[in-house]
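In case you want the letters, here they are:
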Amino acid sequence: MSGVTKDSVWGAGTIAVRGGEAGPWPGGATQVPIVNSVAFGYDDVDRWHEVALGMRAGHIYSLNTNPTVAAFEEKLRRLEGGEAAASFGSGMAAISNTLWALLKPGDRVVSITDSYGGTSRLFLEFLPKYGIRADLAATGDPGALEKAVGQGCRLVYVETPTNPTLKVVDLRRAARAARAAGAILVVDNTFATPIIQQPLALGADLVVHSASKFLGGHADVLGGVVAGRRDLVDTVFKYREINGAALSADAAYLLIRGMKTLALRVRQQSRSALVIARLLERHPAVSRVFYPGLMSHPGHDVATAQMRGGFGGVLSFSLKGGFDAVRQFLPALQLAHLAANLGSVETVAGPPRTTSHVELSAEDREALGIPEALVRYSVGIEETADLVSDLQQALGTITSG
Ligand SMILES: *Cc1c(COP(=O)(O)O)cnc(C)c1O
């Protein structure tokens, strides 16, 4: 049996603070330094050759590996419980490099209708140009996903909860179906974070993240990462070296710094989100609330079984007065940035009609179950009571007709 490492007994909050920061760093620095060097020099030509061949630890060129970037990758790897991790300059770079590295012409992918917008475009527009077919099963219908996967595929790609209506995909069932079909299961864990959901432990082969959201947590850095089975991560990493979509040391430093508070933030954001979702559910100006923590959510039982300690910091809700009500409500919020991002320490709100799903027609949005008067609300770490008062006053400004 392999030895249990010291880190494997740590809880997520401890790994978030200490994981991947072993050093040693110059001058005994206790914090991971930003190593802004394109290349790493060697006096000994034989040693240089051994490092270049991967026979000896070390760095050659920052497009391939870099000490600051490696510390970020190691922290995330430990949080997700993966064998290996590779980082990228953005979440879309992580997703597209993973798909391009693992697929080949003639392959079939099965995914869900509610994937992140950029990911859907890869499935429907770019992969088909190279003879890679993607079929999208109805999100939140495990039977539909199992049927599509059972017809044979190379890769299954899901995310849960989804954007913007927080649908829940049963990860254990998706993993079982993928395994039976001999397919790789990739899960986008951006919305949940490893603090409350660990797809690899539920049977996924790879987990991907937009680190620009909760991992960084401060809306000031773009990044992406993939973690999981070593053989698959190695394949993706080798493709990234050629594709060139590396994360910079500056970005990795901001991600490391942000991730130290990941557990605190996500737990607080999840607590506030549940309070807010319950309040909105009873509010007369609100027609529907989408949040997996609510008993009324169709995916509540599955979410309870695969998430722990909360249901995440993002919720959405539709207003009774249609888009006119959204026009009045959003600018009346005093504690929310009106913007397209999510997962920050500050609360962020916006209409999917304008942000994530702006390129779809009203009919397409309706087919995905996205009401025109939907508001996505990413809960920050402000006091719950202040957010509740702010929402109540802003809902109070809506005049009907
Ligand atoms: C934002 C996001 C992405 C894309 O990440 P970028 O860092 O913006 O490239 C992918 N998946 C999900 C679920 C996201 O929210």
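The next subject is the nonpolar core. Counting 92 residues, the largest nonpolar core has Phe317, Leu319, Phe329 and Tyr377 as its most contacted members. The greatest single-element share of this core, amounting to nine residues, is contributed by helix α11 (residues 262-281). Here Phe329 is in contact with Phe317, Leu319, Val375, Leu391, Ala394, Leu395, Thr397 and Ile398, once residues within four sequence places are set aside. With 27 residues, the next largest nonpolar core counts Ala84, Leu99, Ala101 and Val109 among its residues.

Right, let's talk about the site of the ligand for a bit. By nearness alone, 13 residues border the ligand, and Met92, Asp188, Ser210, Ser212 and Lys213 come closest of all. Note that a nitrogen atom of the ligand is positioned 2.7 Å from one of the side-chain N or O atoms of Asp188. Between Ser210 and the ligand, the recorded distance is 2.8 Å, taken from a side-chain N or O atom to an oxygen atom. Relative to its unbound accessible area of 380 Å², the ligand is 92% covered by the protein chains. Top contributing element to the shell around the ligand by residue count: helix α4 (residues 91-102), with three residues. Residues that form the shell around the ligand fall into these classes: four nonpolar, six polar and three charged.

Looking now at the sheet that holds strand β10 (residues 337-338). Across a sheet, strands are paired by hydrogen bonds formed along the backbone, either parallel or antiparallel in direction. One open sheet holds the five strands; their spatial order is β8-β9-β12-β11-β10, and the pairing between them is mixed. Strands at the two margins of the open sheet, each flanked by one partner only, are β8 (286-290) and β10. As paired elements, β8 and strand β9 (residues 314-319) share four bridges and run antiparallel to each other. Among the inter-strand pairings, Phe290 is bridged to a residue of β9, identified as Ser316. Seen against the sheet, α11 touches β8, β9 and β12 (374-378) and runs at an angle of roughly 15° to β9. Against the sheet, helix α13 (residues 322-332) contacts β9, β10, β11 (348-350) and β12, and its axis sits at roughly 125° relative to β9.

Glancing now at the packing of aromatic side chains. Going through the model one piece at a time under the given rule, you end up with six aromatic pairs. Ring geometry for Tyr291 against Phe311: centres 6.4 Å apart, planes inclined by 75°, an arrangement best described as edge-to-face. Of this pair, Tyr291 sits in the loop between β8 and α12 (300-306) while Phe311 sits in the loop between α12 and β9, and the two are 20 residues apart along the sequence. You can call Phe311 buried: its relative accessible area is 15%. Through successive ring pairs, a cluster of aromatic residues spans Phe317, Phe329 and Tyr377. Between Arg353 and the ring centre of Phe323, over which it is positioned, the NZ or CZ distance is 3.8 Å.

Our next topic: the confidence of the model for the protein chain. Interpretation of the predicted coordinates at a detailed level should be avoided for regions scoring low in pLDDT. Overall, the predicted model of the protein chain reaches an average pLDDT of 95, with 98% of residues at or above 70. Predicted confidence for residues 1-6 stays below pLDDT 50, and this span has one contact to residues more than four positions away or in other chains.

Further remarks concern the sheet that holds strand β2 (residues 108-112). Read from one edge of the open sheet, seven strands run β1-β7-β6-β5-β4-β2-β3, paired in mixed fashion. Two strands bound the open sheet, and with one partner strand each, they are β1 (84-88) and β3 (133-137). Within the sheet, the average angular offset between the axes of one strand and its neighbour, ignoring direction, is 20°. Relative to strand β5 (residues 184-188), strand β4 (residues 155-159) runs parallel, the two sharing five bridges. The residue of β5 that forms the bridge with Tyr157 is Val186.

With five of five residues buried, strand β6 (residues 206-210) lies mostly within the body of the structure. Neither face of β6 is open: one carries Leu206, Val208 and Ser210, the other Val207 and His209, and all of them are buried. Here β5 runs beside β6; their pairing, made up of three bridges, is parallel. Counterpart to Val187 in the pairing with β6 is Val207. For β6 and strand β7 (residues 224-228), the ladder comprises five bridges, and the chain directions are antiparallel. Directly across from His209, in β7, lies its bridge partner Val225.

Summed over the entire model, instances satisfying the criterion amount to 18 salt bridges. Its salt-bridge partner being Arg240, residue Glu73 comes within 3.8 Å of it at the nearest N-O pair. Residue Glu73 is located in helix α3 (residues 67-80), and its partner Arg240 is located in helix α9 (residues 230-243); the two are separated by 167 residues in the primary sequence. Both residues of the pair, Glu73 and Arg240, count as buried.

On to the side chain of Thr162. Relative to the helices and strands, Thr162 is located in the loop between β4 and α7 (171-181). From its side chain, Thr162 meets the backbone nitrogen of Lys167 in a polar contact 2.9 Å long. Ignoring anything within four residues of it in the chain, the contact list for Thr162 reads Ile112, Asp114, Thr139, Lys167 and Phe191.

Let us look at the packing of α11 against helix α15 (residues 384-396). Across the interface, α11 lies against α15 with an axial gap of 10 Å and an inter-helix angle of 35°. Two packed elements cross with a definite hand, and for α11 against α15 that hand is right-handed. Contact residues: α11 offers Gln268, Ser272, Val275, Ile276, Leu279 and Leu280, while α15 offers Thr384, Leu387, Val388, Leu391, Gln392 and Leu395.

Basis of the calculations
- Residues numbered from 1 in each chain as written.
- Predicted model: local features only at pLDDT ≥ 70, side-chain atom pairs only at ≥ 80, totals over all residues.
- Heavy atoms only, no water.
- Core = buried A, V, L, I, M, F, W, Y, C linked by side-chain atoms within 4.5 Å.
- Buried < 20%, exposed > 50% of the residue type's maximum accessible area, 1.4 Å probe, protein only.
- Helix = DSSP H or I, 4+ residues; strand = E, 2+ residues; numbered from the N terminus.
- Contact = heavy atoms within 4.5 Å.
- Near = heavy atom within 4 Å.
- Polar contact = N/O pair within 3.5 Å; in protein donor to acceptor, adjacent residues only side chain to side chain.
- Areas by Shrake-Rupley, 256 points an atom, 1.4 Å probe, with all protein chains shown as cover.
- Nonpolar A, V, L, I, M, F, W, Y, C, P; charged D, E, K, R; others polar.
- Pairing = 2+ DSSP bridges.
- Axes fitted to C-alpha atoms, helices over the stretch in contact; angles between N-to-C directions.
- Phe/Tyr/Trp six-rings, centres within 6.5 Å; stacked < 30°, edge-to-face > 60°.
- Lys NZ or Arg CZ within 6 Å of the ring centre and 35° of its normal.
- pLDDT = per-residue confidence, 0-100.
- Salt bridge = Lys/Arg side-chain N within 4 Å of Asp/Glu carboxyl O.
- Left-handed = near helix turned anticlockwise from the far one by under 90°.

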